[in-house]
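# Reading the structure
The residues making up each chain are set out below.
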Amino acid sequence: MIISSQLTRLSLAGLFVGLSLAANARSQPEQASAEIRRTSFGVPHIRAQDERGLGYGIGYAYAQDNLCLLANEIVTVNGQRSRYFGPDLFTVEERENLVSDLFFKWLNTPEAVNGFWQAQPPDVRELMEGYVAGYNRSLTERREQGLPAQCQGDWVRDISTTDLVKLTRRLLVEGGVGQFAEALAGATPPATLAGHAGNQRSYQLAAARIQRFALDRGSNAVAVGSDRSFNGRGMLLANPHFPWVGGMRFYQMHLTIPGKLDVMGAALPGLPLINIGFNQHLAWTHTVDSSKHFTLYRLQLDPKDSTRYTVDGKSLPMHKQTLTVDVKQSDGTVKAISQVVYSSQFGPIVQWPGKLDWNNQYAYSLRDANLENDRVLTQWYAMNRAGSLEAFQDSVHAIQGIPWVNTLAADDKGQTLYMNLSVVPNVSAEKLAQCSDPRISLQMIVLDGSNSACAWDIDPQAAQKGIYAADKLPQLLRKDFVQHSNDSAWMANPSQPLTGFSPLISQDSQPLGLRSRFALDRLNTLTKAGTLGAADLQHMVMDDQVYQAAQVMPDLLQFCAADLGADAQTLAPLCAGLKAWDRKANLDSGLGFVHFQNVMASLEQASAIWRVAFDAKDPQHTPRGLAIDRPPVAQALRQAMLASVEQVKSSGLTQDSRWGDIQVVSSGGQQTPIHGGPGTLGVYNAIQSVPRSDGKREVVSGTSYLQVVTFDEKGPQAKGLLAFSLSSDPTSRYSRDQTEAFSSKQLSVLPFTEQQIKADPQYQARTIREQDKKAGKVVAQ
């Protein structure tokens, strides 16, 4: 349903045609140029007269700060890790190099990459061409100075627009087939299975990665409208939770083409535009959605040949694609290794031992809707330029290029918008009932591949065959608020529940995550006290409240106060820690927080632990309370507490240990304490950290780019930071400065106007031109 008024499709088509003609009519500048002005924390404000110049400045600035990061990702998306680093090492995402290479050789074929490039409008191409030239120039200069220690080698090279396309296609499939790299690379017909046993460790890591996906790539967002804001204008909190390392690490910047574009925010590596940000009239953010972006198909195999499958009784051959990867040998030589990947008409065959087995009767094929999404860059560039919330929404309706995230926005008029308008397979609830096995949960959709009637439906109003049209997806325009924390669309605003959608889009009447419950509770409390201000949104994150503590701590303390028998002495330190704990995830929060995490993680494995079970009529307050009066729950709790005592002891922690002593992030041989904690406990400032051998925990993902935007008569007023800092180079002065600010809970003004930029105490400016002596060459497409 479309809540706001929209431009007609005809007028939108005319608009885009006009823009394309105007772009073609512009004379191609002989040389690109850009002005790069940096303010505090090194944040680049890049200004140019056209897209090529803007891209030139973006690529140059990004390489100054993250040369090694992007060089490493370029090797990855080209399927060359085994060639340079060997097949057995692991990527940042804990994927074996050989598996990674096979996957990207499959994903980024010349035909697919060229097709994506040909689909781009002239302005997007110019942004990408400029980015390539700017990056290559910076690389040339760094080579003369000496490359950083972490990226010295022949794998560091000039890049091309082809590389940027490959990076973009990698981002597209993050929510789909990208999670099945091992299953795709290891799929083998049953007749040859004995000679190709899958690497069990690889599948275990893949399973853990899928489970962690929503945690590593979660998000919070709140948009407040005129009915609730302090000045009657819109307000936005953007709090994406993304990895702190690797190809999903955000980069902060401000982009300007006078008279055409003025936008500030954060972007993913290799993208010459803003993913999350604000402009003169509106601010927006994204949250990873719960929608399905792929479906599996169970293929009925031909009994005579397990590489053939039947559709409507007709036997069809699987397509065979031979992938070749160069692999570095132990003696340093390079050997080419080939492997066949099989596909049906739906997509690649995937094989997951014990889950998706390829035997003589069945095989499984995966269809990812985002493989055909060549509109993603056009989409974000249109959003960057939108002059109103209406134009912003209209662009998403017309282009439908958002891959796997929700969108929330607020404008200077006091409107708020929620859109679950990503690329979703068009499979209705009725079709799902007819074509899927009812014994299989909705966690993974498996359709009947032997019946052509089970193919995705085609809506002529959709931007792509087989996906839902925009007006069939959840969206909400309100003047009080909308919020989201990775649940379904159902409770974006409880006053207007979004219900009745296909389970692939949104599932209502399901338990809410604790971050969503915290947000709704906090917004309700703040509303009772009056209107909301920017500080209120900032405190939602920086308070570091552990929402689940309010639900269960009375029961935990009651359990501690009871007769614990022979375990009383052993559990006394744990109980004392819980009692003293401030119920937050602050740096000075005591050891009770560690025990609380351990206990609740253990209880998640138990059944029927809640005193008040989930009630779809009261999703904001249920489930709650621990049923400690039930013997099985009491026993599970006792065992969880005993295990936590042992774990804390073995980690070398003491009663004086504080959370800031335990959770840290390392850079350049230095450690910075990081507040925040698991989002599964209702910590809005969700931080994912992993155990280290020294008893500490290293941060790997969580709160990344943080922005709080309000509006007044002069335009946007924004504060924020990039939690892991601008540069991934540990020798850079911009590698830890914002991290320390985040540790101290100090958000900074984001300079947007010319006055703010030039008044910044760290202001510096430089103009770069392609004709400059040290300008790098452009690699041909």
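One can find the structure itself at the top, above this paragraph.
Residues numbered from 1 in each chain as written. Predicted model: local features only at pLDDT ≥ 70, side-chain atom pairs only at ≥ 80, totals over all residues. Heavy atoms only, no water.

### What to know about the pairing of strand β23 (residues 663-667)
Stated formally: Using a 1.4 Å probe on the protein chains alone, a residue whose accessible area is under 20% of its type maximum counts as buried, one over 50% counts as exposed, and one in between counts as partly exposed. Segments assigned H or I by DSSP are reported as helices when at least four residues long, segments assigned E as strands when at least two residues long, and all are numbered from the N terminus. Pairing between two strands is assigned when DSSP locates at least 2 bridges connecting them.
Among the five residues of β23, four are classified as buried, and the element is accordingly described as predominantly covered. Here β23 runs beside strand β26 (residues 697-703); their pairing, made up of two bridges, is parallel. Counterpart to Gln 663 in the pairing with β26 is Arg 697. Pairing of β23 with strand β24 (residues 670-673), which is carried by four bridges, proceeds in the antiparallel orientation. Each bridged residue has a counterpart across the sheet, and for Ser 667 the counterpart in β24 is Gln 670.

### Some details on the state of the cysteines
Defined as follows: Any two cysteine sulfur atoms within 2.5 Å of one another count as a disulfide.
The tally for this structure, following the rule as stated, stands at three disulfides. At a sulfur-sulfur separation of 2.0 Å, the disulfide partner of Cys 68 is Cys 151. With the S-S bond torsion at -50°, the cross-link from Cys 68 to Cys 151 turns out left-handed. A residue pair is termed long-range when its members are at least 10 positions apart, and Cys 68 in helix α2 (residues 51-77) and Cys 151 in the loop between α6 (122-145) and α7 (161-172) qualify at 83 residues. Residue classification places Cys 68 among the buried residues on the basis of a relative accessible area of 10%. Across the disulfide, Cys 560 is cross-linked to Cys 575 (sulfur-sulfur distance 2.1 Å).

### Some remarks on the pairing of strand β20 (residues 481-484)
Burial of the side chains of β20 extends over both faces: Phe 481 and Gln 483 are buried on one face and Val 482 and His 484 on the other. Relative to β20, strand β3 (residues 218-224) is paired through four bridges, and the arrangement is antiparallel. Bridged to Ala 223 within β20 is Val 482.

### Quick word on the environment of Arg 52
To keep things clear, this is the line we draw: Side-chain atoms alone can form a polar contact between residues adjacent in sequence; in general such a contact is a pair of N or O atoms within 3.5 Å, and within protein one must be able to donate a hydrogen while the other accepts it.
Turning to its location among the elements, Arg 52 is positioned in helix α2. In this structure, the C-alpha to C-alpha distance between Arg 52 and Ser 100, residues 48 residues apart in sequence, is 32 Å. A polar atom in the side chain of Arg 52 sits 3.0 Å from the side chain of Glu 770.

### What to know about the side chain of Glu 51
Looking at where Glu 51 falls in the secondary structure, it is placed in helix α2. Taking the relative accessible area as the measure of exposure, Glu 51 reaches 1% and is therefore buried. At a separation of 2.8 Å, a polar atom in the side chain of Glu 51 contacts the side chain of Tyr 381.

### Describing the packing of aromatic side chains
Stated formally: Only rings of Phe, Tyr and Trp enter the pairing, Trp through its six-membered ring, and a pair is recorded when the two centres are within 6.5 Å. The plane angle decides the type: under 30 degrees is stacked, over 60 is edge-to-face, the rest tilted. Charges are assigned to positions over rings by a cutoff of 6 Å between ring centre and Lys NZ or Arg CZ, combined with an angular limit of 35 degrees from the ring normal.
With the rule as written, the count across this model stands at 20 aromatic pairs. When the centroid spacing of 6.4 Å and the interplanar angle of 15° are considered together, the rings of Phe 242 and Trp 404 count as stacked. With a gap of 162 residues between them, Phe 242 in strand β4 (residues 235-243) and Trp 404 in the loop between α11 (389-399) and β16 (405-411) connect regions that are remote in the sequence. Their ring planes at 75° and their centres at 4.9 Å tell us that Phe 593 and Trp 659 sit as a pair that is edge-to-face. With Phe 593 in helix α17 (residues 592-603) and Trp 659 in helix α19 (residues 659-662), this pair connects stretches of sequence that are 66 residues apart. Classification of Trp 659 by relative accessible area gives buried; the value is 1%. Joined through ring pairs, the aromatic side chains of Trp 581, Phe 593, Phe 596 and Trp 659 make up one cluster. Sitting above the plane of the Tyr 362 ring, Arg 298 keeps its charged end 4.1 Å from the centroid. The lysine or arginine in question, Arg 367, covers the ring of Trp 456, its NZ or CZ lying 3.8 Å from the ring centre.

### With respect to the packing of helix α13 (residues 514-529) against helix α15 (residues 547-561)
The cut-off we apply is this: Under this scheme, a helix contributes an axis fitted over its contacting stretch, all axes are lines through C-alpha atoms, and angles between N-to-C directions fall in the 0 to 180 degree range. In what follows, roughly perpendicular refers to angles from 65 to 115 degrees, roughly parallel to angles under 35, roughly antiparallel to angles over 145, and oblique to any angle outside these ranges. Every residue pair with non-hydrogen atoms within 4.5 Å of one another is taken to be in contact. Think of it as three bins: nonpolar holds Ala, Val, Leu, Ile, Met, Phe, Trp, Tyr, Cys and Pro, charged holds Asp, Glu, Lys and Arg, and polar takes everything else, Gly as well.
Close contact between α13 and α15 brings their axes to 8 Å; oriented N to C, the two are set at 95°. Relative to α15, the element α13 lies roughly perpendicular. In this structure, α13 uses Leu 514, Arg 517, Phe 518 and Asp 521 to contact α15, whose residues at the interface are Tyr 547, Gln 548 and Gln 551. Across the contact of α13 with α15, the residue classes break down as three nonpolar, two polar and two charged.

### Looking at the pattern of salt bridges
Inclusion rule: Each salt bridge in this description consists of a side-chain nitrogen of Lys or Arg and a carboxyl oxygen of Asp or Glu lying within 4 Å of one another.
Taken as a whole and assessed by the stated rule, the structure comprises 31 salt bridges. Across the pair Glu 770 and Arg 52 runs a salt bridge, and its minimum N-O distance is 3.0 Å. Placement of Glu 770 in the segment after β30 (764-769) and of Arg 52 in helix α2 is noted, with a sequence separation of 718 residues between them. One salt bridge connects Arg 736 with Glu 740, and the closest N-O pair in it is separated by 2.9 Å. Accessibility expressed as a relative area gives 14% for Arg 736, which makes it buried.

### Focus on helix α10 (residues 376-385)
Most of α10 sits inside the fold, with nine of its ten residues counted as buried. Burial in α10 covers these residues: Val 376, Leu 377, Thr 378, Gln 379, Trp 380, Tyr 381, Ala 382, Met 383 and Asn 384.

### Some remarks on the sheet that holds strand β2 (residues 44-47)
By way of backbone hydrogen bonds, the strands of a sheet pair with one another, either parallel or antiparallel. If you trace the ten strands from one edge of the open sheet to the other, you get β19-β17-β16-β8-β7-β6-β5-β2-β1-β30, paired in mixed fashion. Each having just a single partner strand, β19 (475-478) and β30 make up the two edges of the open sheet. Going from strand to strand, the sheet's axes swing by 15° on average, the running direction of each strand aside. Note: β16 against strand β17 (residues 416-419), four bridges, orientation antiparallel. Across the sheet, Leu 408 pairs through a bridge with Tyr 418, a residue of β17.

### Regarding the packing of α6 against α7
This is how the line gets drawn: Crossing handedness is read from the near helix: turned anticlockwise from the far helix by less than a right angle, it gives a left-handed crossing, and turned clockwise, a right-handed one.
Where α6 meets α7, the axes come as close as 9 Å, and the angle between the chain directions of the two elements is 115°. Relative to α7, the element α6 is oriented roughly perpendicular. Judged by the twist between their axes, the crossing of α6 over α7 is right-handed. Residue-level inspection shows Met 128, Glu 129, Tyr 131 and Val 132 of α6 in contact with α7, the latter providing Thr 161, Leu 164 and Val 165. Here the residues of the contact of α6 with α7 are counted per class, giving five nonpolar, one polar and one charged.

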